Amino acid sequence: MSLLAGKKALVFGVANKYSIAWAIAEMFKQEGADVGLSYAIPQLEKRVQPLAEELGVTFVEKCDVTSDDEIDAVFEKAGAHFSEIDILVHAIAFAPSNELEGRFYNTSREGFRVAMDISAYSYVALAQRALNLMPNGGSMVTMTYYGAEKVVPHYNVMGVAKAALEASTRYLAADLGPHNIRVNAISAGPIKTLAAAGIAGFRKMLGYVGERAPLRRNIDQEEVAKTALWLCSDLGSGVTGEIVYVDAGYHILGMPEPPEKWE
Ligand code: NAD
Ligand code: 0WE
């Protein structure tokens, strides 16, 4: 098929083989794209480098998105390596772990700032640099979650940050549309990745959602990657500013089916 033949993609957010970003990188490579990878901290190099080699990816750079200098440096290197890019993938989120337990009203000023900076502003920061490498247009995609729109217990300040991320997706789409750059977000159902591993009760949450979602199951990284593929290929040419759900339909429910007859 080779839906991305001749395309160049920069993928941010690979931590290990379970990362959504990794599934997207694999699929993009399989569809003919030239892929570059970026990871957050030096300790991840030993995880990401072998994955990159497995794919034959030679552009692997560290970038902590809290640093404008590191973002500038990685895009300078990307410009030297790729000269132009067609695709930006943003699969990054972080809130201090103490903010993802207890009540939202206890959110600290610092926890709010960090969650917003890393999980929402970073998409804007990467987009403004990517724009300079996309003279012929392109496509950008980020990862969001339903906790942006409805209250999900303990998602707390991450829900607020995802709401900002989704609004940023729309403002970026409006600004970059005239440059023939499309900007979208994928709202994924829960998946057991590193970012989910530390969450108390995550397995129970997977069970709850999987039993009630219209498709009566959970989704996986590959299904997210397939949607990233159509959004970033010519198949998505008319779509921008959109939040696309890859959640087995969970978000359409107003009230889940009762387990048995109610009367
Ligand atoms: P993951 O832990 O594999 O990926 C999160 C990435 O964010 C990691 O690679 C981490 O290094 C990176 N990151 C954190 N702080 C950073 C910083 N300062 N600079 C650069 N990178 C930084 O987990 P994942 O589930 O693949 O998460 C990817 C995205 O998908 C996140 O935006 C997450 O919110 C979103 N998402 C996840 C789920 C889920 O259930 N796993 C559901 C919906 C959306
Ligand atoms: O976006 C996410 C998780 C993002 C995340 C995860 C962590 C864990 C480790 C952000 N910051 C941190 N900080 C850490 O220290 N998801 C959509 C997965 C997720 O996380 C939840 C969920 C779901 C779903 C947290 C509480 C409730 C539900």
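Our subject in this report is the structure included herewith. Predicted model, so just to flag it, every value in this text is computed and none were measured. (Residues numbered from 1 in each chain as written. Chains lettered and ligands numbered in written order. Predicted model: local features only at pLDDT ≥ 70, side-chain atom pairs only at ≥ 80, totals over all residues. Heavy atoms only, no water.)

1. Notes on the packing of aromatic side chains
Under the convention used in this document: Note on aromatic pairs: the rings of Phe, Tyr and Trp (six-membered ring only in Trp) are paired at centre separations within 6.5 Å, and the planes decide the class, stacked below 30 degrees, edge-to-face beyond 60, tilted for the rest. Secondary structure elements follow DSSP: runs of H or I of four or more residues count as helices, runs of E of two or more count as strands, with numbering from the N terminus. Whether a residue is buried, partly exposed or exposed follows from its accessible area with a 1.4 Å probe, protein chains only, as a fraction of its type maximum: under 20%, in between, or over 50%, in that order. A positively charged side chain is recorded as over a ring if its NZ (Lys) or CZ (Arg) lies within 6 Å of the ring centre. The angle to the ring normal must also be within 35 degrees.
Tallied over the full model, the rule gives 4 aromatic pairs. Measuring from ring centre to ring centre gives 5.4 Å for Phe59 and Phe82, while their planes differ by 55°; the resulting arrangement is tilted. Remark: Phe82 occurs in helix α3 (residues 68–82) and Phe59 occurs in strand β3 (residues 59–62); sequence separation between them is 23 residues. With respect to burial, Phe59 and Phe82 carry one shared label: buried. Consider the rings of Tyr145 and Tyr155, whose centres lie 4.9 Å apart with planes at 70°: the pair is edge-to-face. Placement of Tyr145 in the loop between β5 (138–144) and α5 (156–176) and of Tyr155 in the loop between β5 and α5 is noted, with a sequence separation of 10 residues between them. Summarising the burial analysis for this pair, Tyr145 and Tyr155 share the class buried. Here the guanidinium or amino end of Arg212 rests over the ring plane of Tyr208, the centre of that ring lying 3.8 Å away.

2. A word on the packing of helix α1 (residues 20–30) against helix α2 (residues 45–55)
Using the following cut-off: The angle between two axes is taken between their N-to-C directions and runs from 0 to 180 degrees, where each axis is a line fitted to C-alpha atoms and a helix contributes only its stretch in contact. Our angle categories are set so that under 35 degrees counts as roughly parallel, over 145 as roughly antiparallel, 65 to 115 as roughly perpendicular, and the remainder as oblique. Throughout, a crossing is termed right-handed when the near helix is turned clockwise from the far one, and left-handed when it is turned anticlockwise from it by less than a right angle. Contact between two residues is taken to exist if any of their heavy atoms lie within 4.5 Å; hydrogens are not considered.
Interaxial distance between α1 and α2 falls to 11 Å at its minimum, and their mutual angle equals 15°. Regarding the angle of α1 to α2, the classification is roughly parallel. You can see that α1 and α2 cross each other, and the crossing is right-handed. In this structure, α1 uses Trp22, Ala25, Glu26 and Lys29 to contact α2, whose residues at the interface are Leu51, Ala52, Glu54 and Leu55.

3. Things to note about the pattern of salt bridges
So the rule is basically this: When a carboxyl oxygen of Asp or Glu lies within 4 Å of a side-chain nitrogen of Lys or Arg, that pair is called a salt bridge.
One pass over the structure, following the stated rule, counts 7 salt bridges. The salt bridge involving Asp72 is made with Arg129; its shortest N-O contact spans 2.8 Å. Here Asp72 is found in helix α3, whereas its partner Arg129 is found in helix α4 (residues 109–132), with 57 residues between them in sequence. A salt bridge links Glu110 to Arg113; its shortest N-O distance comes to 2.8 Å. Taken together, the residues span about one helical turn, with Glu110 and Arg113 both in helix α4 at a distance of 3 residues. A residue is classified by how much of its surface remains accessible, and Arg113, at 43% relative accessible area, is partly exposed. One network of salt bridges, in which partners are shared, links Asp68, Asp72 and Arg129.

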